[in-house]
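Read off the chains here:
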Amino acid sequence: MDMLGMYPTFYVPEIGSAWVMGIIGTIHVVASHTSVGAAFLFALLATKAYRESRPELMDYVKRYGKVLLVFSYIIGSVTGVGIWYAITIASPRGTAGLIHNFVWVWAAEWVYFTVEVIGVYALVYLIEKVDRLTHLKLTWAFALASWATMLLIVGILSFMMWPGNDSWYLTGSTNDAFYNINFFAHLGVRTGSMLVMAVIVGLMIAGSMREKSPALRIEAVRTIVPMGILGGALAVLMFFYYLETLPYNAKVMLHSHLLPRYAAGMVLVVTITFIYFLAAWAKPLFLRNWITVPLFLFVAIIGVWPEERTRESMRKPYVAGQYIYGNQTIARDVPGKGILSEIEHISKHGILGIHPFIPETLRTVSEENRREVGELLAKISCGNCHSLEPGSPLRNLPDKFHGSTDVELIAAFINGPLKNGSVPYMPRIDLPEQETYAIATFIASQNLGERNRPSMPVDTTQSGATGEQ
Amino acid sequence: MEADVGFILNTMRDPAGIPAPPWLFQVLMVLTWVAHIAFVLVTLGAAALSIVAFYLRHHHPHWQQLSIAMTKGAKIGVSLLIVLGVAPLLFTQVIYDPQWYTASVLSARWLIIFIFTLIIGYCSWFVFYYSNKPEAQTRLGLFALLGLGLFLLDGLIMHVLAYQSLQPDQWMNWYAPNGQVDTRGASLHAIQWSRFLFIISLSAPALALYLLAYADYYSRRSDRPKDYRDFVRQLGRRIGKVGCLISLPLLFWWLLDLPGHLSTSAHTPGWLLAGALIILAIQIDRLGSLPGRGYLLLFSGLIPLGLMALWREVIRVHAMKPFGYDIHDYTVHADLPSTILFFLTLLGIGGIFGGFLVLLLYRAGQVEGKYQADRTIARLGTLSVVVLGLWITVFFVYGFSIWVRHAIGF
């Protein structure tokens, strides 16, 4: 029997691997967007300082740059690698799919990333150390290079949602994958957001420079705040456009689960940030970090975290290009790359038959090992999006079945909507009966609770789910 | 899995294939790893020396000055080793994806620990950097020790992942010992101490070469007087000789530690590396005390590093051979536009803007006071902005045309 190229499974109890990814992702987005946005603020201020012969403005840039070095370039660069590691262990096949489609794009981004890291040191340490015109060129080149890293990564992130048309499936061309339907909208949202985040951090820096002249602080604040307002407006506008470029499964997920939970928070973030920007512009000398720092955290936790979670969730059941499911299964043919769907193969042979990382003792379901097999199958098939412990925060499966201990009822869901792929945001999971019942038995036993397991009153014999079939 | 490891290893390759010939990725992987490991070794060496110098600073003012310089060097070095580590990892994932992903999942928690310990270690190093002043209290050295300790732990984690990826026949035993599946990814399953310690030990010769070049670089600066530069040069020479002497036995240990089934040709680069280290030690001894030879010695250090990178790859190729895994079998779906994108970016942005940055930093650092860019630097600066603007323009025009083509269904 032909095995499929599945990897071992990594499972984090309670929160699943998805939250690990989300936490690292949120930290990275905050740090990296701030740094790219700040690069443009620096360019703006450096241009003003050069044109108007106002070198004192560079004091502000220097202070901001040093904070940026510590905050964005340490945390941003490490968590950038961290996201990569996190997706590797959460979705090795999805990551492999992205790498093999976009390796040269990532490699080009690496070139930018390298010059960016050298550039930030040059930018900060060479203020007033080299002539102003040379430094101005350096500042603009640095800003453009920083933005280029965003241009390159957004194409890949957008493809993770979907290509938006059949071209890539037919040609396999990186061009068709990269310039997908929601690329420009997504880029607009991120470009706008980066300016907003950079301005908030910029206001923190201004708030901490109280020993400097009021004129410098006023000038710095009034130069950067309009960028924040424009950036915010761009982000909001492009976000509505972005919603129009989403696939059907994402829209269903968005309207049924995500907007009801996150919309109010997002509106609040936009409103409060806008008001604070206006207040900062009107009264620059009244900036206080006991307000700005909480605002920054507020944007990160109530704005960025839900945004990252939403983007992750909306993609479901896929992790890349609507052809790889979160559970590592290839869900459709991609003739341009010679890729074949694996769903029918799994349907015919089951996961136990085709997965390389199944111990021989678990390849056949028996009365004794049914729960153990079910647990492993649940981790493989469901663990990417669901935790398996009752009451746990990541869409836990036992609670999704309302605490049911009825194996037949649970199996009916797996054999119905899941088998037929009729839930838009869930993968089609078509398994042989013994595997379905193994999963159902495991979920039922989870709902029965740890203390009941030794004498588990789960009757599966009437379902015909014996290991000998 | 037990049935046919080789067959499964090949099945686990990504079905999308790769967008260029496998040898190209292999060459890029080896070359970029040389750049990465060079910064790893210099950084570890500089970090260790900055701590030693910090504790010796009351013996002579030179130690204080050196400690501050090495602390700063290590700080910048960590940034660069991280970013330079991205490329070899990327290219590894292209041609050795089954090995890398499986090894990572099997020790998944350690991969996450890597991220957070690197952040903590780096932040700790920054605390030391900001506090490393003549009046600093001795206990502040603990931040540096913590930073260096965590950097070494991260190095060990990366070593383990690389070593685990060489042993596909063990994966199932690690994932499901006695048939009990363990999805926690909580263990580091295999460590080859000889390999790890040898590579880490090279940080001493690497530091030595850095010190020799450092002494030459600051020859025009009065704030680094001659007696200080001579002190640094002599220290570099001493560390270089002792470092090579320590590295050699570790290298022989690694050679002896290689699995018996590897053919003789797998050992050849290792012996060449031993020869290169001996020559390097002799050169450091001969030329190390002479001003003006620092850069030559620094660049000659790339020879042993290149041999080590080559050797790692030769070992991997030989380790995979019994399983029938050969990267040259990888399905190729050539993708010319994205290949061109990378190489033009490497030349245009890496070459011009990168060149501008490196040259500017190099020259500005050599002078005291303000540096006035000469014509070459000024032109490179202008060209950098122009090339970046052009790159972004082409990116949008080209992309928009494709996007429109998709929109009209053509």
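Residues numbered from 1 in each chain as written. Chains lettered and ligands numbered in written order. Predicted model: local features only at pLDDT ≥ 70, side-chain atom pairs only at ≥ 80, totals over all residues.

K.L.:
Just give me the short version of the overall build of chain B, but keep the residues and values in it.
P.N.:
A tally of regular secondary structure across chain B gives 15 helices and zero strands. Whereas a compact globule of 410 residues would reach a radius of gyration of roughly 22 Å, chain B reaches 24 Å, a difference of no more than 12%. The principal-axis extents of the C-alpha atoms in chain B amount to approximately 65 × 60 × 40 Å. Every one of the 410 residues in chain B was classed for burial, and the buried ones make up 48%. A separation threshold of at least 6 residues defines the contact pool for chain B, and within that pool the share at least 24 residues apart is 83%. (Helix = DSSP H or I, 4+ residues; strand = E, 2+ residues; numbered from the N terminus. Rg over C-alpha atoms; globule rule 2.2 N^0.38 Å. Buried ≥ 20, exposed ≤ 12 C-beta atoms within 10 Å, placed from the backbone. Contact = placed C-beta atoms within 7 Å.)

K.L.:
Got a sec to walk through the overall build of chain A? Specific residues and values, please.
P.N.:
The helix and strand tally for chain A stands at 15 helices and two strands. Expressed as a percentage of its 469 residues, the buried residues of chain A come to 59%. Long-range contacts, defined as pairs at least 24 residues apart, comprise 78% of the intrachain contacts of chain A with a sequence gap of at least 6.

K.L.:
Residue-level account of the domain arrangement of chain A, with values.
P.N.:
Residues and elements named next belong to chain A. Domain boundaries in chain A define domain 1 (16-325) and domain 2 (342-463). Using C-alpha coordinates to define each centre, domain 1 is positioned 40 Å away from domain 2. Listed by partner, the interface residues are 13 residues for domain 1 and 10 residues for domain 2. Looking at the side of domain 1 that touches domain 2, the elements with two or more residues in it are α1 (16-51) and α9 (248-282). Residues of the side of domain 1 that touches domain 2, tallied by class, amount to eight nonpolar, four polar and one charged. (Domains from an automatic or database assignment. Nonpolar A, V, L, I, M, F, W, Y, C, P; charged D, E, K, R; others polar.)

K.L.:
So what about the confidence of the model for chain B? Which residues, and what values?
P.N.:
Averaged over all residues, the pLDDT of chain B is 95; the fraction at 70 or higher stands at 99%. With a pTM of 0.93, the predicted complex shows an ipTM of 0.96. (pLDDT = per-residue confidence, 0-100.)

K.L.:
Break down the interface of chain B and chain A for me, citing the residues and quoting the values.
P.N.:
In this complex, chain B contributes 82 residues to the contact, which on the side of chain A involves 81 residues. When residues of the side of chain B that touches chain A are traced back to their parent elements, those giving at least two are α1 (5-11), α3 (61-95), α4 (97-106), α5 (108-131), α7 (168-175), α14 (336-366) and α15 (375-407) of chain B. In terms of residues, the side of chain B that touches chain A owes the most to one element, α14 of chain B, which gives 16 residues. Along the lines of polarity and charge, the residues of the side of chain B that touches chain A split into 55 nonpolar, 22 polar and five charged.

K.L.:
Describe the environment of I414 of chain A, and please don't skip the residues or the numbers.
P.N.:
Positionally, I414 of chain A belongs in helix α14 (residues 407-420). Residues contacting I414 of chain A, with those up to four places away along its chain left out, are K419, I429, T436, I439 and A440 of chain A.

K.L.:
With reference to specific residues and values, describe the packing of α1 of chain A against helix α7 (residues 183-207) of chain A.
P.N.:
Residues and elements named next belong to chain A. Viewed as axis vectors pointing N to C, α1 and α7 meet at an angle of 80 degrees, and their least axial separation amounts to 7 Å. Compared by their axis directions, α1 and α7 come out roughly perpendicular. Along its contact with α1, which presents V30, H33, T34, V36, G37, A38, F40 and L41, the element α7 presents R190, S193, M194, L195, M197, A198, V201 and G202. Looking at the contact of α1 with α7, its residues break down into 10 nonpolar, five polar and one charged. (Axes fitted to C-alpha atoms, helices over the stretch in contact; angles between N-to-C directions. Parallel < 35°, antiparallel > 145°, perpendicular 65-115°, else oblique.)

K.L.:
Requested: an account of the packing of α14 of chain B against α15 of chain B, with residues and values cited.
P.N.:
All names here are of chain B. One can describe the packing of α14 onto α15 by two numbers: an axis separation of 9 Å at closest approach and a directional angle of 150 degrees. Relative to α15, α14 is oriented roughly antiparallel. Every pair of crossing elements has a handedness; the one defined by α14 and α15 is left-handed. Contacts from G348, I349, I352, F353, G355, F356, L359, L360 and R363 of α14 reach α15 at I377, L380, G381, L383, S384, V387, L388 and W391. (Left-handed = near helix turned anticlockwise from the far one by under 90°.)

K.L.:
Break down α9 of chain A for me, citing the residues and quoting the values.
P.N.:
Residue and element names in this part refer to chain A. For α9, with 35 residues, the first-to-last C-alpha span of 44 Å runs short of the 51 Å given by 1.5 Å per residue. The sharpest bend along α9 measures roughly 70 degrees and falls at L258, with the proline P260 sitting one to four residues further on. Among the residues of α9, those classed as buried are N249, A250, M253, V269, T273, Y276, F277 and A280. Its buried side turned inward, α9 meets α4 (132-161), α7, α8 (214-244) and α10 (289-315). (Expected span 1.5 Å × (residues − 1). Bend = angle between axes of the 7 residues up to and from the residue.)

K.L.:
Can you lay out α4 of chain A for me, pointing to particular residues and giving the numbers?
P.N.:
Counted at 1.5 Å a residue, the expected span for α4 of chain A with its 30 residues is 44 Å, and the 44 Å between its end C-alpha atoms agrees. With respect to burial, α4 of chain A is a largely interior element, 26 of its 30 residues being buried.

K.L.:
Now, about the domain arrangement of chain B: what can you tell me, with residues and values included?
P.N.:
Residue and element names in this part refer to chain B. Annotation of chain B at the domain level lists domain 1 (5-333) and domain 2 (335-410). Using only C-alpha atoms to locate each centre, domain 1 and domain 2 end up separated by 30 Å. If you look at the interface, domain 1 gives eight residues, while domain 2 gives five residues.

K.L.:
Give me the lowdown on the environment of L212 of chain B, citing residues and values where you can.
P.N.:
Residue and element names in this part refer to chain B. Here L212 shows up in helix α9 (residues 203-217). Of the residues examined, L212 has 31 C-beta atoms within 10 Å and is grouped as buried. Counting along the chain gives 72 residues from L212 to I284, while the straight-line C-alpha distance between them is 9.1 Å. If near-sequence neighbours (up to four positions away) are discounted, L212 is found in contact with R233, G236, G288, G294, L297 and L298.

K.L.:
Outline the environment of L24 of chain B, listing residues and values.
P.N.:
Along the chain, the position of L24 of chain B falls in helix α2 (residues 22-55). Overall, L24 of chain B belongs to the partly exposed group, with 16 C-beta atoms counted inside 10 Å.

K.L.:
Which residues make up unusual backbone geometry, and what values go with them?
P.N.:
Where the residue is not glycine, phi is negative for most of them; where a peptide bond is considered, it is trans in most cases. Residue and element names in this part refer to chain A. For the bond from K316 to P317, the omega torsion is 15 degrees, close enough to zero to count as cis. In this structure, P317 sits in the loop between α10 and β1 (318-320). Positive phi is not limited to glycine here, since E128 has a value of about 65 degrees. For E128, a count of 13 C-beta atoms within 10 Å corresponds to the partly exposed category. A positive phi angle is found at H402, which is not glycine, with a value near 55 degrees. For H402, the position within the fold is in the loop between α13 (397-400) and α14.

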